[in-house]
Amino acid sequence: MMKFIDITMILNNETPPWPGDEPFEYKLTWSMEDTGSVNVGQFKGSNHIGTHVDAPYHYDSAGLKIADLPVDRFSGQALVVHLKDKPVITKELLEDVDLSKVSKVLFRTDSWTDRTRFPDPYTVIGDDVGPFLKQHGIDLIGIDTPSVDPETSKELKGHHTLYRNDILILEGIDLSQVSSGVYELFAFPLKMEQADGSPVRAVLRPVEAI
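Anyway, here's the lowdown on the structure attached to this text. Every chain begins its residue count from 1, and numbering advances along the sequence as written. It should be noted that, the model being predicted, local features are given only for residues of pLDDT at least 70 and side-chain atom pairs only at 80 or more, the latter also being counted only at that level, while totals for whole chains, interfaces and linings use all residues. Only heavy atoms go into the side-chain values, all of them from the structure, while hydrogens and water stay out.

## Quick notes on a nonpolar patch on the surface
Reasoning step 1: What goes into a patch is any residue over 30% in relative accessible area without a salt bridge, connected to like charges within 9 Å or, for nonpolar side chains (Val, Leu, Ile, Met, Phe, Trp, Tyr), within 5 Å. Only the protein chains shown count as cover for residues, with accessible areas throughout obtained via the Shrake-Rupley method and a probe of 1.4 Å. Salt bridges, as used here, are contacts in which a Lys or Arg side-chain nitrogen is within 4 Å of a carboxyl oxygen on Asp or Glu. A grouping of Tyr26, Leu28 and Phe43 is seen on the molecular surface, where their side chains present a nonpolar patch of about 350 Å² in accessible area.
Reasoning step 2: Elements are defined by DSSP. Helices are runs of H or I of four residues or more, strands are runs of E of two residues or more, and each kind is numbered from the N terminus. Locating Leu28 in the fold gives a position in strand β2 (residues 25-30).

Printed below as a string of structure tokens:
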């Protein structure tokens, strides 16, 4: 049997949104008592709540939106790298990491331990990381924090170093139970035509189980 590891945050009415952003809400609009046959619910919330991917349109008004991105970019061989107690992930920290067998890299920072609260502070991505990862053939990064940039950043250096190097961004993953190593990643966004981002169900499969 295939063994999958779920690295997705739970979405419920207690999931912390980005400060000031739309929280997640689910409610029944019709119950079985109303319809006689089915329950029907609805949900709302930010495109950037919980585990999600950013579209380039999120940080560039001329950038691609979620439905424009090739679906194959959201799956492939991924290396989980454990970098604990690092306020910023820099090129220097990655120089000895073997990226030769993967196209994605997922950073386990352990800087968001209580997923019921928005973290402050948390690990972010340095502005020298994009060119380094591009040089090694990386086309997507994931991180176990709400963002690759600090909450108060307006320059968004982490986003833009990745964007300039055509590296997509997966944020809010939960790697707390995942060891360093190579996995196959699946993290597909919803096909929303005008969206700047999308929640995903992100899972890993150990390479030896493929």
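## Structural notes on the pattern of salt bridges
Where side chains of opposite charge bring their charged atoms close, a pairing between them can arise.
Reasoning step 1: Counting across every chain of the model gives nine salt bridges.
Reasoning step 2: Here Lys44 makes a salt bridge to Glu22, at a shortest N to O gap of 3.8 Å. Separated by 22 residues along the polypeptide, Lys44 in strand β3 (residues 40-44) and Glu22 in the loop between β1 (5-6) and β2 bring together distant segments of the chain.
Reasoning step 3: The salt bridge partner of Asp166 is Arg73, with a shortest N-O separation of 3.5 Å. Placement of Asp166 in the loop between α4 (157-163) and β10 (168-171) and of Arg73 in the loop between β4 (52-54) and β5 (75-82) is noted, with a sequence separation of 93 residues between them.
Reasoning step 4: Here the salt bridges share partners, and the residues they tie into one network are Arg73, Lys104, Asp139 and Asp166.

## What to know about the pairing of strand β9 (residues 140-143)
Reasoning step 1: Three exposure classes are used, based on accessible area relative to the maximum for each residue type with a 1.4 Å probe and protein chains only: buried under 20%, partly exposed in between, and exposed over 50%. In β9, alternate side chains face the same way, and those of Leu140 and Gly142 on one face and Ile141 and Ile143 on the other are all buried.
Reasoning step 2: Where strand β7 (residues 104-108) and β9 come together, four bridges link them in parallel fashion. Among the inter-strand pairings, Lys104 is bridged to a residue of β9, identified as Leu140.
Reasoning step 3: When DSSP finds at least two bridges between two strands, those strands are taken to pair. Sheet topology places β9 next to β10; four bridges connect them, and they run parallel. Directly across from Gly142, in β10, lies its bridge partner Leu170.
Reasoning step 4: Viewed with both strands pointing away, a crossover whose connecting path from the first strand over the helix to the second turns clockwise is right-handed. In this region the chain leaves β9, passes through α4 and returns to the parallel neighbour β10; the handedness of that crossover is right-handed.

## Details of the environment of Ile167
Reasoning step 1: Within the secondary structure, Ile167 sits in the loop between α4 and β10.
Reasoning step 2: With relative accessibility at 2%, the residue Ile167 sits in the buried group.
Reasoning step 3: Once the C-alpha coordinates of Ile167 and Tyr26 are considered, the two residues, 141 residues apart in sequence, prove to be 32 Å apart.
Reasoning step 4: Residue contacts are counted whenever heavy atoms from the two residues lie within 4.5 Å of one another. The contacts of Ile167, once residues within four sequence positions are left out, are Arg73, Gly130, Leu133, Lys134, Ile138, Asp139, Leu140, Ile141 and Leu162.

## Observations regarding the packing of aromatic side chains
Reasoning step 1: Classification of ring pairs rests on two measures: the distance between centres of Phe, Tyr or Trp rings, Trp counted by its six-membered ring, which must be within 6.5 Å, and the angle between planes, read as stacked under 30 degrees, edge-to-face over 60 and tilted in between. For the coordinates displayed, the defined rule picks out five aromatic pairs.
Reasoning step 2: Aromatic side chains Tyr59 and Tyr163 sit 5.3 Å apart centroid to centroid with 70 degrees between the ring planes, which places their arrangement in the edge-to-face category. Taken together, the residues Tyr59 in the loop between β4 and β5 and Tyr163 in helix α4 connect sequence positions 104 residues apart.
Reasoning step 3: Judged by its relative accessible area of 10%, Tyr59 is buried.
Reasoning step 4: Owing to a relative accessible area of 27%, Tyr163 belongs among the partly exposed residues under this scheme.
Reasoning step 5: Both rings, one in Phe118 and one in Tyr122, keep their centres 6.1 Å apart while their planes meet at 85 degrees; by these two values the pair is edge-to-face.
Reasoning step 6: Judged by relative accessible area, Tyr122 falls into the buried class, the value being 10%.
Reasoning step 7: An aromatic cluster of at least three residues, connected via ring pairs, comprises Trp18, Phe118 and Tyr122.

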